[in-house]
Amino acid sequence: MDEYSRFVDWDKMDVTVQSQDAKELTCTEFQELKQLARQGYWAKNHLLRAKVYHKLISNIPCRTVTPDANVYRDIVVKIVGKRSSSSLPLPEFVDNSLVPTYCLNAEGIGAARKIILCVANQFPDISFCPALPSVVALLLHYSKDEAECFEQVCRILACNDPSKRLIDQTFLAFESSCMTFGDLVNKYCQAAHKLMVAVSEDVLEVYSDWLRWLFGELPMVYIARVFDVFLVEGYKVLYRVALALLKFFHKVRAGQPMESDSIQQDIRAFVRDIAKCVSPERLLEKAFAIRLFSRKEIQLLQMANEKALQQKGITVKQKSYGFSMFCIVFCRQNVHLAVHAENFKSEIVSVKEMRDIWSWIPERFALCQPLLLFTTLEHGCSLSRFYSHSEGHEPTLLLIKTTAKEVCGAFLSTDWGERRRGGNKLSFFGTGECFVFRLQPEVERYEWVIIKHPELAATGSEPENHASPPSSSLSSGSILSDASDRLSPFLSARHFNLPSKTASMFMAGSSECIIIGGGDGQALYLDADLNHGRTGHCDTFNNQPLCSESFQISVLEVWGFRD
């Protein structure tokens, strides 16, 4: 075997998939590297993969002072002492994560624990990093010795390129990534999300496992293929693969009884045994088939979720009574905690139906509880009163019950005060987080047109949208400033090159009417007296009407989100 085989137990490796054909990697262009990584160019050559990892990690921009191999040689004896490496305790920040064996030999397993302890010594600012044991164990496969592996891990942790996020090192970053993954599942894996809501009391608890699926449960040959692409493309690859895993889980297990008492355990078992039904190549193919998935969107969504957590004071994982526990106001917690049966009262929806709606909304707003702002039963059928009670609240939830007992509604991401931007004209606003839904006679949710049909985000000139804020450069600096003052910045209409002004319509209001939806899709029109409404066909949601084409309103409610 090659010089990088010191820590590998080759009896446990599937050597039939390894090729020793001489290969070299000469390209340096990002696009070419990306294609080679996705195709698995170095996946079947252990020596070549080791050299590629060394090259890619050496090129990571790092802090001026980053611990290297010499530092490891200086500190390892002092930190480890005469203790057996197999009995070394791991630092608290790995959150009880085990060191995966990944076909390592006994020396490799001991080396992983020593390296993790030395990393903890050199990075005192790391407070939460459960993925670290898996990263260390994987890189030992492609390191000549412990010191080289330590240096590579340190370079990944010390990356200071704001556009190249690699590994979460704080509870705030970790938890916001879990919320972000939940948001992405809600948009891109709706069938799987519906299953999670049906079988789990705490949806976010399931999604908080997403990094464990990758760095812990996924077999060695799979995580190595993911890591190949991760080192080239960054963090977004992890989201893609986790979404693909969830899609495959739903496809394989849908309609079957759970194998355990916990959906979390079922998903973990599925990921561990994924080789039975999905190859590494098929997994990556599925991951990269997910459309409308950009680093920009992830950055902005992650930042919005971090801001929401900070505002709630959720920044660290606290301890209580000798065991780890999440902060008392935990993210999403359980929709049963957000929508209290004893405190919630609506004339349109039941507690269960409101909890169903709550499972659809973005994770950062699920930190809040519903607050009734306006109801026609109390405030009358006045559009001006509708506006006066709704303005100043962002987002809001609109619920409508017709005289035919149909129930529909909309999640509206933007303050109704934005309608004034157009002066006396009917101006459209809102973002891609908006959606409409129907609860009666059957439950259905409809996404915005660009979410369902990303091909409409065609290249071309920026659309003229007088209702949108002025377009700004999407450099990293402008992203930071823009995201700080908008609740829904990442799917703002101005971030897309839309084919026409009408394609970005979602919500509009004037003294004469309210329009929800638009473009070429399903639209909901409400008259000024809030007694009558109608729907129009559009492809923004789909061909099925929300309710009768023309209807009389029995009750209309507007709900806000209370901290």
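These numbers were taken from a predicted model, which means no experiment stands behind them.

A.B. asks: Requested: an account of the overall build of the chain, with residues and values cited.
C.D. replies: For the chain, the count of helices and strands is 21 helices and 13 strands. For the chain, the residues scored as buried account for 58% of the 563 residues in total. At a minimum sequence separation of 6, the contacts of the chain that also span at least 24 residues come to 73%.

A.B. asks: Quick rundown of the pattern of salt bridges? Include the residues and the values.
C.D. replies: A complete count under the given rule lists 22 salt bridges for this structure. Between D228 and R225 there is a salt bridge whose closest N-O contact spans 3.8 Å. One end of the pair, D228, and the other, R225, are both in helix α11 (residues 220-233), three residues apart, so they sit about a helical turn from each other. By relative accessible area, R225 is classed as buried at 4%. As a salt-bridge pair, E391 and R419 come within 2.3 Å of each other at their nearest N and O atoms. Here E391 is found in the loop between α19 (383-390) and β4 (396-402), whereas its partner R419 is found in the loop between β5 (407-412) and β6 (427-429), with 28 residues between them in sequence. Each member of the salt-bridge network shares a partner with another, and the members are R49, R225 and D228.

A.B. asks: Describe the packing of helix α12 (residues 236-253) against helix α13 (residues 263-272), with residues and values.
C.D. replies: Between α12 and α13, whose axes approach to 11 Å, the crossing angle comes to 100°. As summarised for this structure, α12 and α13 are arranged roughly perpendicular, according to the angle between their axes. Across the interface between the two elements, L245, L246, F248, F249, V252 and R253 of α12 pack against I263, D266, I267, F270 and V271 of α13.

A.B. asks: Give a description of the packing of aromatic side chains that names residues and reports values.
C.D. replies: Enumeration according to the criterion identifies 27 aromatic pairs in this entry. When the ring of F181 is compared with that of W213, the centres are 5.7 Å apart and the planes differ by 80°; the resulting orientation is edge-to-face. Here the residue F181 occupies a position in helix α7 (residues 171-188), and W213 occupies one in helix α10 (residues 210-217), the gap between them amounting to 32 residues. In this structure F181 comes out as buried when scored by relative accessible area, which is 0%. Considering the side-chain rings of W360 and F437, the 5.7 Å spacing of their centres and the 55° angle between planes classify their relative orientation as tilted. Of this pair, W360 sits in the loop between α17 (351-358) and β3 (369-375) while F437 sits in strand β7 (residues 435-440), placing them 77 residues apart in sequence.

A.B. asks: Which residues make up the pairing of strand β13 (residues 550-562), and what are the values?
C.D. replies: Across six bridges, β3 lies against β13 in antiparallel orientation. Each bridged residue has a counterpart across the sheet, and for L371 the counterpart in β13 is G560. Relative to β13, β4 runs antiparallel, the two sharing six bridges. Bridged to L398 within β13 is V558.

A.B. asks: Give me the state of the cysteines: which residues, what numbers.
C.D. replies: One pass over the structure, following the stated rule, counts zero disulfides. With no disulfide partner, C118 has as its closest neighbouring cysteine sulfur the one in C154, 8.9 Å distant.

A.B. asks: Break down the environment of A173 for me, with residues and values.
C.D. replies: Tracing the sequence through the fold places A173 in helix α7. A173 gets classed as buried once you look at its relative accessible area, which sits at 11%. Every residue in contact with A173, bar those within four places of it in the chain, is listed here: R165, D168, Q302 and E306.

A.B. asks: Go over the pairing of β5 with me, naming the residues and quoting the values.
C.D. replies: Regular strands place side chains that alternate from one sheet face to the opposite one. Counting buried residues along β5, six of its six residues qualify, which places the element largely inside the surrounding structure. The side-chain alternation of β5 yields two buried faces, one formed by V407, G409 and F411 and the other by C408, A410 and L412. Note: β4 against β5, six bridges, orientation antiparallel. Residue pairing in the sheet places L399 in a bridge with G409 of β5. Following β4, the chain reverses through four residues before pairing antiparallel with β5; K405 in that reversal takes a positive phi of roughly 70°. Where β5 and β7 come together, five bridges link them in antiparallel fashion. Bridging from a neighbouring strand, V407 pairs with Q440 of β7.

A.B. asks: Please set out the nonpolar core residue by residue, giving values where relevant.
C.D. replies: Core analysis: the largest hydrophobic core is formed by 120 residues, its most contacted members being I156, W210 and F227. Broken down by element, this core gets its largest block of residues, eleven residues, from α12. For this core, the two domains that each supply at least three residues are domain 1 (1-169) and domain 2 (171-338). In this structure, I156 is in contact with I57, I60, V135, L139, L166, I167, F227 and L231, ignoring residues within four places of it in sequence. Ranked by size, the runner-up nonpolar core spans 26 residues in total, among them F374, F429, M507 and L524.

A.B. asks: How would you explain helix α14 (residues 280-287) if you had to name every residue and give the values?
C.D. replies: P280, L283, L284 and A287 are the residues of α14 that are buried. Mapping the buried residues of α14 onto a view down its axis gives an arc of 95°, with all of them on the same face. Residues of α14 that are buried in the fold lie against α1 (30-39), α11 and α12.

A.B. asks: Residues and numbers for the confidence of the model for the chain, please.
C.D. replies: Looking at the chain as a whole, the pLDDT averages 80, with 79% of positions reaching at least 70. When the criterion is pLDDT under 50, residues 319-337 qualifies, and its contacts beyond four places in sequence or with other chains add up to 45 contacts. The low-confidence segment residues 538-545, where pLDDT is below 50, has 38 contacts with residues more than four positions distant or belonging to other chains.

What counts and what doesn't
Just so you know, the residues in each chain are numbered from 1, in the order the chain's sequence is written. Selection of residues for local features in this predicted model requires a pLDDT of at least 70, selection of side-chain atom pairs for listing and counting requires 80 or more, and totals for whole chains, interfaces and linings are taken over all residues. No hydrogens and no water enter the side-chain calculation; it runs on all heavy atoms of the structure. Each helix corresponds to a stretch of at least 4 residues labelled H or I by DSSP, and each strand to a stretch of at least 2 residues labelled E; elements are numbered beginning at the N terminus. Between buried and exposed lies partly exposed: a residue is buried under 20% and exposed over 50% of the maximum accessible area for its type, with that area taken using a 1.4 Å probe on protein chains only. By the convention used here, residues are in contact when the closest approach between their heavy atoms is within 4.5 Å. By convention in these notes, a salt bridge is any Lys or Arg side-chain nitrogen within 4 Å of a carboxyl oxygen on Asp or Glu. Geometry is summarised by axes, namely lines fitted to C-alpha atoms with helices restricted to the contacting stretch, and by angles between N-to-C directions that run from 0 to 180 degrees. Between 65 and 115 degrees an angle is taken as roughly perpendicular, under 35 as roughly parallel, over 145 as roughly antiparallel, and anywhere else as oblique. Centre distance within 6.5 Å is the pairing criterion for rings of Phe, Tyr and Trp, where only the six-membered ring of Trp is used; planes under 30 degrees apart are then read as stacked, over 60 as edge-to-face, and the remainder as tilted. In this description, strands pair whenever DSSP reports at least two bridges between them. Note on terminology: pairs of cysteine sulfur atoms within 2.5 Å are recorded as disulfides. In this description, a nonpolar core means a group of buried Ala, Val, Leu, Ile, Met, Phe, Trp, Tyr and Cys residues linked to one another through side-chain atoms lying within 4.5 Å. Where each domain starts and ends follows an automatic or database-derived domain assignment. This arc is taken over the directions from the axis of the helix to the C-beta atoms. For every residue, the predictor assigns a confidence score, pLDDT, that lies between 0 and 100.

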